[in-house]
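Overview (structure and organization)
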Amino acid sequence: MNPVWQYWYFHLPNFVLAAVMYTLIGRLLLSFFVPPDWQNYIWRAFIRITDPVVGVVRFITPAALPMIIVLVFSVLWLMLLRLALVALFGTLGWLPDLSGAPGGAT
């Protein structure tokens, strides 16, 4: 069986968190070059995908911080969440085998 499908319970949330994290990085980098109210469809998609995470991070960070800092903290929180996911699944023994040997390491 394909390890991606065999360990879907790890790969699916990890993929979603990674996709949102990299979209946040894209939003952060684009924010240096475009105005916040730009009507480009890519910019609007970045805003729509990342606003839920930014909203949660904005709630727990001081209001005096600019949006750029909130975006950086959003990326860092998602990175920490991904590491916590790996640690949790590793502790439970639910991570895929990374030995490279067919059938697992012996």
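These lines cover the structure that appears in this document, whether it is placed above or below. (Residues numbered from 1 in each chain as written. Predicted model: local features only at pLDDT ≥ 70, side-chain atom pairs only at ≥ 80, totals over all residues. Heavy atoms only, no water.)

Across its full length, the chain holds 4 helices and 0 strands. Along the chain, helices and strands appear, N-terminal first, in the series α-α-α-α. Along the longest, intermediate and shortest principal axes, the C-alpha atoms of the chain span 55 × 30 × 20 Å. When each of the 106 residues of the chain is scored for burial, the buried share is 25%. Long-range pairs, those at least 24 residues apart, make up 57% of the contacts in the chain with a sequence separation of at least 6. Put simply, the chain shows about 7,500 Å² of open surface, and 75% of that area lies on carbon and sulfur atoms. (Helix = DSSP H or I, 4+ residues; strand = E, 2+ residues; numbered from the N terminus. Buried < 20%, exposed > 50% of the residue type's maximum accessible area, 1.4 Å probe, protein only. Contact = heavy atoms within 4.5 Å. Areas by Shrake-Rupley, 256 points an atom, 1.4 Å probe, with all protein chains shown as cover.)

Inspection of the entire model under this criterion finds 1 salt bridge. The residue R27 makes a salt bridge to D51 at a minimum N-O spacing of 3.1 Å. In this pair, R27 sits in helix α2 (residues 8–30) while D51 sits in helix α3 (residues 41–60), placing the two residues 24 residues apart along the sequence. Note on D51: relative accessible area 36%, which makes it partly exposed. (Salt bridge = Lys/Arg side-chain N within 4 Å of Asp/Glu carboxyl O.)

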